[in-house]
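# Structural features, examined
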Amino acid sequence: MEENDKRVKKEGKHEFLNGLFTGILSVVLVGTTVFCVKQAITLYGNKAAVLAAQNEKNGNEDGSSVMTDNVVQKMEAIEKIVDYYYYQEDIDEAAMEDGIYKGMVDSLGDPYSTYYSEEELNEIMDQTEGIYYGIGAYISLDLATGLGKISGVIAGTPAEAADLREGDLIYLIDGESAAGLELSEVVSRIKGEEGTTVHLTLVREGEKDYVEKDIERRKVESPTVKYEVYDDHTGYIQITEFDDVTVDQFTEALAVCKGSEVKGLILDLRSNPGGNLTAVVEIAKQLLPKGMIVYTEDRNGERTEYVCDGEKQINIPMVVLINGNSASASEILAGAIKDYGIGTLVGTTSYGKGIVQRIIGLQDGSAVKLTVSSYFTPKGNNIHGIGIEPDIVCEFDSEKYYDDNVDNQLEEGRKVLKELIEKGN
């Protein structure tokens, strides 16, 4: 991390070491010393939903630990070297401590596993309720460049007013490089207090130079479901992410469509980064026939199944829109619909995230998010690194969208749906 930021008083350094190693050991020995007050299953980088409070037994079965005497002694030596030689007299010890915890998880080399401070965890909890302070853009990690990427923009937010566009790569945040940052850190740097401004330097396809944007942060209320009934008696439901609030919002949208006696339905999952496993399962139960929705397998091969009773199976033609930013939970839903053959997928190949994360809360209010399992579609497909291919390929035409306000993928979806309805009649 850059050598800027936080500096606090240097006093009490010797007491700091004792507290530091106690904190580290409490993380390593989580099975016996830490009560998991918050736990969640998530399916994307920067969102979470708390599902239950329970004890969790962790650690290596053979009792081994990375915290050997040699490791502790080396850390003590490094701390003393920093204390003696580092040219700044004031060091933020809390930041140093958090850095150690983050480093432990970062060493796994998994972009989806991370350590959350108490403040970071609380922010994530707020986001699952559909309210947060920021600019109103969905951000994912572009694996090709290692940069954060705008994967969607919420209507009526500062991001939309600033003309941020899907696919924009975040090169600099307030003049500092965003290269190599964890997704959670990109998000935390962009978010901030209401009324403050963040300056983003973006790389935009088709632009010869960087795109510079000053964006004011505001309280953003993110409706996760939008819907419309068209004049041709077809329905449209868009799910932007799967949060705690999404199930009720989707249930209402589907009820309106059914009440309007629509002849067909378009389900828009484009740029949906994923979210809460429980939410996507509950939504799937309102669409799928009886059978498997999804199942997960952990490193020991232990399998957890999520099934549907089929009592609410949709019985009208359906088109599902997907793209390269449709990830994880949205891929679970799209994959199940494709496996059962109850809908036609239109768009481009999805992101390809077929793994599950769990947030395990620690006693001090912080938490660790770890990848704990892989998930599989009803037919046993793991799409990690592969994605889901659409039945009908339709590339997004950005010029038509931004210049003429024409969504060519949606238009193609409506065309396909019309053909399915006519074929059914």
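Structure: see above.
Now for a quick tour of the structure. (Residues numbered from 1 in each chain as written. Predicted model: local features only at pLDDT ≥ 70, side-chain atom pairs only at ≥ 80, totals over all residues. Heavy atoms only, no water.)

Helix and strand counts for the protein chain come out as 12 helices and 21 strands. Counting all 425 residues of the protein chain, 47% fall into the buried class. Excluding contacts between residues fewer than 6 apart, the proportion of contacts in the protein chain whose partners are at least 24 apart in sequence is 69%. Surface summary for the protein chain: the accessible area is close to 21,100 Å², and the carbon and sulfur share equals 47%. (Helix = DSSP H or I, 4+ residues; strand = E, 2+ residues; numbered from the N terminus. Buried < 20%, exposed > 50% of the residue type's maximum accessible area, 1.4 Å probe, protein only. Contact = heavy atoms within 4.5 Å. Areas by Shrake-Rupley, 256 points an atom, 1.4 Å probe, with all protein chains shown as cover.)

Our next topic: a nonpolar patch on the surface. On the surface, a cluster of nonpolar side chains totalling about 430 Å² of accessible area is made up of Ile-81, Tyr-84 and Tyr-85. On the accessibility criterion, Ile-81 (48% relative accessible area) is partly exposed. (Patch = residues over 30% accessible without salt bridge, like charges linked within 9 Å, V, L, I, M, F, W, Y side chains within 5 Å. Salt bridge = Lys/Arg side-chain N within 4 Å of Asp/Glu carboxyl O.)

Turning our attention to the packing of aromatic side chains. This model, assessed by the stated rule, comprises eight aromatic pairs. With a centroid separation of 4.9 Å and an interplanar angle of 5°, the aromatic rings of Tyr-171 and Tyr-210 are classed as stacked. Residue Tyr-171 is located in strand β7 (residues 169–173), and its partner Tyr-210 is located in the loop between β9 (197–203) and β10 (211–216); the two are separated by 39 residues in the primary sequence. The exposure class of Tyr-210 is partly exposed, given its relative accessible area of 42%. An angle of 90° between the planes, with centres 5.0 Å apart, marks the rings of Tyr-401 and Tyr-402 as edge-to-face. Take Tyr-402: its relative accessible area is 28%, and that puts it in the partly exposed class. Connected via pairs of aromatic rings, a cluster forms that spans Phe-396, Tyr-401 and Tyr-402. Lying across the ring of Tyr-402, Arg-165 places its NZ or CZ 4.3 Å from the centre. One cation-aromatic arrangement involves Lys-353 over Tyr-112; the distance from NZ or CZ to the ring centre is 4.5 Å. (Phe/Tyr/Trp six-rings, centres within 6.5 Å; stacked < 30°, edge-to-face > 60°. Lys NZ or Arg CZ within 6 Å of the ring centre and 35° of its normal.)

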